[in-house]
Amino acid sequence: MPKLSADTLWEQAAAEVHSRETEGGEEDGGDTVSERTVFLMGSKAGGKTSVLLRCLDRDEPSKPTLALEYTFGRRARGHNTPKDIAHLWELGGGTSLSDLVQIPITPVSIRSLSVILVLDLSKPNALWGTMEKLLQAAQAQLEKVSSQAQQAQRAKPGAKHQTPVHSTTRVLPKDYPDKELISPFPVPLLIIGSKYDLFQEFDSDKRKVVSKTLRFVAHFYAASLIFTSIKSESLMSKTKSFFSHLAFGLDRGKTLSCDSTKPLIIPAGSDSFSQIGSPPTTDVDITSLHAKNPKDLWKKVYEHVFPQENTSEHRELKDPAKDQQYSEPQIDAMRAQKDQELEQYKRNATKSWKGLELNT
């Protein structure tokens, strides 16, 4: 059997998903299956897996995400009807594996894709750097695949039953607040501030800086924003509503909270720059920061209060083949035998080279 390359495998998987979508017809049909894709990324050890498991009502312990992991969720719209499917991708490693965004963000998935960015509120000194790098990586990939899809469609102008190519420019309602001043993320975006139980112990002034800054960022990208904690049933219930809105198209609820002394819950389109106000500064002159634009100004003010740590984490050197949670006795035994054979070969090769050097 010929060995398949990684690219070939992914191409086959993409073709299979595309085939199923084509056979399934329109998503809004009464008895057809709706398939959506949700891509989670965010702070390293920021609670992405825990939040995802709670949103899926899965009572199981969370494990560290290994690079990029896939799971799915299903939901029936009614009795004796096909279940809608949500393809769920989770990126581990914080920003260190951001190049893996190319796997879940494809010309096929982009048609029904949403992104969830989970930011650890208890580590504000790494928050902006994590957010900036991951959003830039995702946006670059979104623009790349959209361009590829448009070129492919133009190359086949006579093809039947073409699905319109997803554009990287989101169409917002005419009355969307500050529509001319914002830069909407190419696909629906939800920003989740995790570990609110730790964040609420912070000094009130620091909480205000984080809260107002994330309000600005969320509104700038036309994203929804919610602060949550897996220790709060109420907050997790509201977080699940936002998640289910993206994964299954359900109503996300009408709860709104913009008070920085409480957990923020702000659906996209519910905020405005006038309500957010200016960056909270007390000991720095804004004019001295020489910002290029409003977003850059908020960044400089935020980093003045919370000097950013280096978010370019090194890739973990831990060998996943030795992780007990992925153990397979027969395969591990064969692997151990091959490792021994490899070590023996290395020793023999070393002896041979030493002998060769002596002869010369």
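Residues numbered from 1 in each chain as written. Predicted model: local features only at pLDDT ≥ 70, side-chain atom pairs only at ≥ 80, totals over all residues. Heavy atoms only, no water.

**Some thoughts on the packing of helix α5 (residues 204-220) against helix α8 (residues 294-305)**
So, point 1. Close contact between α5 and α8 brings their axes to 11 Å; oriented N to C, the two are set at 155°. By the angle class used here, α5 and α8 are roughly antiparallel. For the element pair α5 and α8, the recorded crossing hand is left-handed. Counted together, V209, V210, K212, T213, F216 and F220 of α5 and P294, K295, W298, Y302 and V305 of α8 form the full contact between these two elements.
So, point 2. Of the residues that constitute the contact of α5 with α8, the class distribution is eight nonpolar, one polar and two charged. (Axes fitted to C-alpha atoms, helices over the stretch in contact; angles between N-to-C directions. Helix = DSSP H or I, 4+ residues; strand = E, 2+ residues; numbered from the N terminus. Parallel < 35°, antiparallel > 145°, perpendicular 65-115°, else oblique. Left-handed = near helix turned anticlockwise from the far one by under 90°. Contact = heavy atoms within 4.5 Å. Nonpolar A, V, L, I, M, F, W, Y, C, P; charged D, E, K, R; others polar.)

**A word on the side chain of S211**
So, point 1. With respect to the element layout, S211 can be found in helix α5.
So, point 2. Among the residues examined, S211 registers a relative accessible area of 1% and is labelled buried.
So, point 3. With sequence-adjacent residues up to four places away left out, S211 is seen in contact with F199, F227, S260 and L264. (Buried < 20%, exposed > 50% of the residue type's maximum accessible area, 1.4 Å probe, protein only.)

**Remarks on the nonpolar core**
Among soluble globular proteins, nonpolar side chains are generally buried collectively.
So, point 1. F39, M41, L91, F185, L189 and L214 are the most contacted members of the largest nonpolar core, which has 48 residues in total.
So, point 2. Broken down by element, the residue count for this core peaks at nine residues, all from helix α3 (residues 127-155).
So, point 3. With residues near it in sequence (within four places) discarded, L189 still touches V115, L117, L135, R170, Y221, A223 and S224.
So, point 4. In this structure, I116, I192, F242 and A247 belong to the second largest nonpolar core, which totals 20 residues. (Core = buried A, V, L, I, M, F, W, Y, C linked by side-chain atoms within 4.5 Å.)

**Considering the sheet that holds strand β7 (residues 265-266)**
So, point 1. One open sheet accounts for seven strands, arranged β2-β3-β1-β4-β5-β6-β7; its pairing is mixed. The open sheet has two edge strands with one neighbour each: β2 (68-76) and β7.
So, point 2. Sitting on the sheet, helix α2 (residues 48-55) touches β1 (35-42), β2, β3 (83-91), β4 (113-120) and β5 (189-194), and the angle it makes with β3 is about 170°.
So, point 3. Against the sheet, α5 contacts β4, β5, β6 (224-227) and β7, and its axis sits at roughly 155° relative to β6. (Pairing = 2+ DSSP bridges.)

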